[in-house]
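Understanding the architecture of this molecule
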Amino acid sequence: MKDVYILAIESSCDETSMAIVKNGKDVIGLSIATQIDTHARYGGVVPEIASRMHTEAITLVLEDVLSKANMKMEDMDAIAVTYAPGLTGSLIVGIEAAKTLSLIYDKPLIAVNHLIGHIYANNIESDLEFPMLALVVSGGHTELLIMESDYKFKRLGETLDDAIGEAYDKVARVIGLKYPGGPNVEKYAKEGTHSYNLPKPVMDDTYNFSYSGLKSAIINLVHNAEQRGEEINKYDLARSFQDVAIDELVRKVEKAFKETGIKRLVVAGGVSANNYLKEEMQKLCDKYTAELFIPRLLYCTDNAAMIGVAAYPLYLKKEFCDYSLNASSHTDIC
Ligand code: KG4
Ligand code: ZN
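Residues numbered from 1 in each chain as written. Chains lettered and ligands numbered in written order. Predicted model: local features only at pLDDT ≥ 70, side-chain atom pairs only at ≥ 80, totals over all residues. Heavy atoms only, no water.

**A short note on the pattern of salt bridges**
On inspection of all chains with the given rule, the structure shows 23 salt bridges. Across the pair Lys170 and Glu166 runs a salt bridge, and its minimum N-O distance is 3.9 Å. Taken together, the positions of Lys170 and Glu166, both in helix α5 (residues 164-174) and 4 residues apart, correspond to about one turn of that helix. On the accessibility criterion, Lys170 (34% relative accessible area) is partly exposed. Note that Arg264 and Glu291 form a salt bridge whose closest N and O atoms lie 3.9 Å from each other. (Salt bridge = Lys/Arg side-chain N within 4 Å of Asp/Glu carboxyl O. Helix = DSSP H or I, 4+ residues; strand = E, 2+ residues; numbered from the N terminus. Buried < 20%, exposed > 50% of the residue type's maximum accessible area, 1.4 Å probe, protein only.)

**Observations concerning the pairing of strand β5 (residues 109-113)**
Counted residue by residue, β5 has 4 buried out of 5 residues, so it is predominantly covered. Sheet topology places strand β4 (residues 78-84) next to β5; 5 bridges connect them, and they run parallel. Following the sheet pairing, Val81 is matched in β5 by Ala111. Viewed along the sheet, the connection from β4 through helix α3 (residues 88-105) into β5 turns out right-handed. (Pairing = 2+ DSSP bridges. Right-handed = clockwise from strand over helix to strand, strands pointing away.)

**Quick look at the coordination of the zinc ion (ligand 2)**
In the first shell of the zinc ion (ligand 2), the protein supplies His114 (NE2), His118 (NE2) and Asp302 (OD), at 2.0 to 2.1 Å from the metal. We note that the donor set of the zinc ion (ligand 2) lies within a single chain, spaced as H-x3-H-x183-D. Note that His114 and His118 are positioned in helix α4 (residues 114-120) at a spacing of 4 residues, about one turn of the helix. For His114, a relative accessible area of 6% translates into the label buried. Judged by its relative accessible area of 1%, His118 is buried. (Donors = N, O, S within 2.8 Å, 3.2 Å for Na, K, Ca; no water.)

**So, the site of ligand 1**
Around ligand 1, 18 residues are found, and the nearest of them are His118, Gly139, Asp169, Glu186 and Gly270. Between ligand 1 and Gly270 there is a distance of 2.9 Å, counted from an oxygen atom to a backbone nitrogen or oxygen. Isolated, ligand 1 exposes 550 Å² of accessible area, and the fraction of that covered by the protein chains is 87%. In terms of residue class, the shell around ligand 1 is built from 4 nonpolar, 11 polar and 3 charged. (Near = heavy atom within 4 Å. Polar contact = N/O pair within 3.5 Å; in protein donor to acceptor, adjacent residues only side chain to side chain. Areas by Shrake-Rupley, 256 points an atom, 1.4 Å probe, with all protein chains shown as cover. Nonpolar A, V, L, I, M, F, W, Y, C, P; charged D, E, K, R; others polar.)

**Description of the sheet that holds β5**
Here we have 5 strands laid out as an open sheet, ordered β3-β2-β1-β4-β5, and mixed in their pairing. If you trace the sheet from one side to the other, it starts and ends with β3 (26-34) and β5, each paired once. Between one strand axis and the next, the sheet turns through 20 degrees on average, direction left out of account. The pairing of strand β2 (residues 15-22) with β3 spans 8 bridges and is classified as antiparallel. Within β3, the residue paired with Ser17 across the bridge is Ile32. Contacts from helix α2 (residues 47-69) reach β1 (5-10), β2 and β3 within the one sheet, and its direction differs from that of β2 by about 25 degrees. (Axes fitted to C-alpha atoms, helices over the stretch in contact; angles between N-to-C directions. Contact = heavy atoms within 4.5 Å.)

**Concerning the packing of helix α8 (residues 234-260) against helix α9 (residues 275-287)**
The N-to-C vectors of α8 and α9 enclose an angle of 25 degrees; their axes lie 10 Å apart at closest approach. Relative to α9, the element α8 lies roughly parallel. With respect to the hand of their crossing, α8 and α9 are arranged in right-handed fashion. Listed contacts from α9 to Gln242, Asp243, Ile246, Asp247, Leu249, Val250, Val253, Glu254 and Phe257 of α8 are Tyr276, Leu277, Glu280, Met281, Leu284, Cys285 and Lys287. Among the residues forming the contact of α8 with α9, the class breakdown is 10 nonpolar, 1 polar and 5 charged. (Parallel < 35°, antiparallel > 145°, perpendicular 65-115°, else oblique. Left-handed = near helix turned anticlockwise from the far one by under 90°.)

Structural data, given as structure tokens:
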């Protein structure tokens, strides 16, 4: 069979990224322009600034990825783009670029869900095998799914309020750590001990998650300490938070191992970059003789390679879309 080259575009948040992926697996070129330093000045992503920066970066990122891969647009077989979930203004920049390239070069257009992209990132360096459990942990989502085959998902549970990444970012902000919060909270947690008594999320009989109680408890604790003029130990608080937040993920995955008998776990999304999460999931998988898949750091956070990989099964099924494609409010995986 002839090799298939997909140009993939990702612009859902604060990274403008393009990749060229061969046969849904080999990343021939990857370019990522990150806006982190700009948003760090404001303590979080400013949507208007994000979309403007995507507009400025997009043609440069295209030139960069083509030159890295030493290929031309004419060599591509399809254009894939993230259509949801994400910041609408940011998504639109990538979608318009994809539609324009598709029209000019007469290539089919493929729409990819960002979260499904995170899951497929695991297919770059391993081979996804089904059925598997998929834990999606990002800035906007916390979901536990069964993946039965390509694009066939069954949701076991999701967060009822805040996503785990969001909780990391809020905790970072309230204890005075810079954006992006997740990696900084992890750094502080590594130096601290679990000395604060924080409430455990109590969603025992379901697969659902809840992080707003934990987040609020920390905000209250910090404000009360400030009012009393007491010092907070940032290291210990970060550690106490991280222990509770990650242990909750472990508990739910353990329940799923017991109840489904599935022996494979894929962890996906920005929070999968967290080393404590990786260690705890590895221990759990060892206990249940299950296989653990977590992408390497580059593919844990937002990147277009995962979009190119996730687009491949759609390419094979000829699931193409027309130019009415827009940033969608239909964000669900299933
Ligand atoms: O997947 P992602 O890059 O963007 C979304 O799709 O949301 O995830 C971003 C989230 C942020 O909340 C960030 O703080 C978190 O992932 N994150 C981490 C770590 N690295 C990124 N959380 C905990 N530990 C990390 N090392
Ligand atoms: Zn993401």
